[in-house]
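Each chain is listed here by its residues.
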Amino acid sequence: MNNPTQTLTVHYAKAPFFQIRQTLHSDRAYESHAHSSLSIGYMLEGKTRFRLPQGAFLLQKGALALIEPHTQHACNPIEHTRRSYVMVYFDAAFCLKIQSELFGPTQTLLPLRTPLVFHQRLCETFERLIDSLLKSYTTLHVRALEVWLREFLWLYSEPDFPNETPSSMREIARFLESRIDEPLSLSSLAQRFGYNPFVLLRRFKAAYGCTPKHYGLDQRIEHAKELLQKGVSIAMCAQYCGFNDQSHFHRFFKRRTALTPKEYQVNFVQ
C-alpha cells in the first residue's frame, strides 16, 4: 500500500529570507505557474518532469532545479509513480541585495546561467542544510545557508546579461501585483497603458512567458499563501484576493499548489 502524501511548509520569523516546502510520496500534478521568489528544488525519491520556457528536463536526485522569479514552470510526476521532493523559496529582494554586493548595484535580479546544477559539493551541502532546518531552527544553520546562497549566486549569476524586459512591461507587471484584489481584463489594461490589446498581449508574453491574466492570477495565489500563513480564514482569503467565492479560490489554489487552501494552512509551520 502506498504511503499517504505528506506536505510540510516551514518558515522561521527570525530568518524571513527563505521558506521550505517538503512533499513526500506525491503523485499530484501542477498547472504551469510562477513564484515571486527564487526557487531551488531537489528530489528525495523518484523522478519528476521539470518544465521551463527553456525546455523540459528530467529531474532526479543529485541535481538542483533553479526557477527564477516570475518564471512559468511545472514539475509533474512520471505516469503512475510518486515522488518526494523539497523546494526552497528565497526572497528575491534578499537575493538582489547579495548580487548587488557581489557584482555592483543592480535594479533587477540577474539571471542564472542554467536551470539545472550538478555541482556535487553545492548540492550535498544544500540538502544537508535544508534537512537540518526542516527539523529545527539554529542560527548556525541559517548563517551557513546565507553563505551557501552567496557562493551559489557568485557561481551561477550572469552579471553581464542585459535586462531584456522592457520598462513598459515591468510597469504593467508591477500594476498587476498592486491590484490582487481586483482581476483586470486585457482591454482595461490596454486602455490604461495606451496599448492595442493584441500588442500588449504579445509583448507581455514575450517578457514574462504568460498572459497578463495568468501573471495576475499567480500574484493572487502568492498573496493568498501569505494570508493563509498568518491564519486568515479561507473565506476572507478568497475575498481579499479577488476570487468570486471559496469554491473558485479552492479550485485555482489547488491547480497551482497541488494543495487545497486548508491543507496548505494546516501544514504550514512557523
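Residues numbered from 1 in each chain as written. Predicted model: local features only at pLDDT ≥ 70, side-chain atom pairs only at ≥ 80, totals over all residues. Heavy atoms only, no water.

**Things to note about the sheet that holds strand E10 (residues 268-269)**
Logical step 1: Overall, mixed pairing links the 7 strands, which are arranged E9-E6-E3-E8-E2-E1-E10 in an open sheet. Here the strands that pair on one side only, and so sit at the sheet edges, are strand E9 (116-117) and E10.
Logical step 2: With 6 bridges joining them, strand E1 (residues 6-11) and strand E2 (residues 18-26) adopt antiparallel strand pairing. The residue bridging threonine 7 from the neighbouring strand is threonine 23, located in E2. (Pairing = 2+ DSSP bridges. Helix = DSSP H or I, 4+ residues; strand = E, 2+ residues; numbered from the N terminus.)

**Some details on the packing of helix H2 (residues 120-135) against helix H3 (residues 139-156)**
Logical step 1: Across the interface, H2 lies against H3 with an axial gap of 10 Å and an inter-helix angle of 150°. In this view, H2 runs roughly antiparallel relative to H3, as classed from their interaxial angle. Crossing hand, H2 versus H3: left-handed. Side by side, H2 and H3 meet where Arg121, Leu122, Thr125, Phe126, Leu129, Ile130, Ser132 and Leu133 of the first sit next to His141, Val142, Ala144, Leu145, Trp148, Glu151, Leu155 and Tyr156 of the second.
Logical step 2: Residues that form the contact of H2 with H3 fall into these classes: 11 nonpolar, 3 polar and 2 charged. (Axes fitted to C-alpha atoms, helices over the stretch in contact; angles between N-to-C directions. Parallel < 35°, antiparallel > 145°, perpendicular 65-115°, else oblique. Left-handed = near helix turned anticlockwise from the far one by under 90°. Contact = heavy atoms within 4.5 Å. Nonpolar A, V, L, I, M, F, W, Y, C, P; charged D, E, K, R; others polar.)

**Digging into empty space enclosed by the protein**
Gaps left between atoms show up when a probe the size of a water molecule is rolled over them.
Logical step 1: Under the counting rule described, the total for this entry stands at 2 cavities of 30 Å³ or more.
Logical step 2: Here the largest cavity defines a volume of roughly 90 Å³.
Logical step 3: Lining of the largest cavity is provided by Tyr30, Gly41, Tyr42, Met43, Thr48, Leu59, Ala65, Cys75, Arg83, Tyr85 and Met87.
Logical step 4: Listed by contribution, the elements that provide at least two residues to the lining of the largest cavity are strand E3 (38-45) and strand E8 (83-90).
Logical step 5: Considering only residue class, the lining of the largest cavity consists of 8 nonpolar, 2 polar and 1 charged. (1 Å grid on protein atoms, 1.4 Å probe; cavity = no way out; pocket = protein on both sides within 12 Å on 5 of 7 lines; lining within 4 Å. Points joined across faces, edges and corners; volume = space filled by probe spheres on them.)

**As for the layout of surface pockets**
Logical step 1: Of the volumes computed, that of the second largest pocket is approximately 370 Å³.
Logical step 2: Taken together, 23 residues form the lining of the second largest pocket, with Pro183, Leu184, Lys213, His214 and Arg220 sitting closest to its centre.
Logical step 3: Of all the secondary structure elements, the ones that give two or more residues to the lining of the second largest pocket are helix H5 (186-193), helix H7 (212-229) and helix H9 (246-257).
Logical step 4: If you tally residues by element for the lining of the second largest pocket, the top one is H7, at 6 residues.

**Regarding the pairing of strand E5 (residues 55-60)**
Logical step 1: Across 6 bridges, strand E4 (residues 47-52) lies against E5 in antiparallel orientation. Looking at E5, one finds that leucine 52 is bridged to glycine 55.
Logical step 2: Taken together, E4 and the strand that follows it, E5, pair antiparallel across an intervening segment of 2 residues.

**Thoughts on the pattern of salt bridges**
Pairing is possible between side chains that carry opposite charge, provided their charged atoms lie close to one another.
Logical step 1: Under the defined criterion, the tally for this structure stands at 15 salt bridges.
Logical step 2: Between glutamate 101 and lysine 97 there is a salt bridge, with its nearest N and O atoms 2.8 Å apart. One end of the pair, glutamate 101, and the other, lysine 97, are both in helix H1 (residues 92-103), 4 residues apart, so they sit about a helical turn from each other.
Logical step 3: By sharing partners, the salt bridges in this structure join Glu31, Asp218, Arg255 and Arg256 into a single network. (Salt bridge = Lys/Arg side-chain N within 4 Å of Asp/Glu carboxyl O.)

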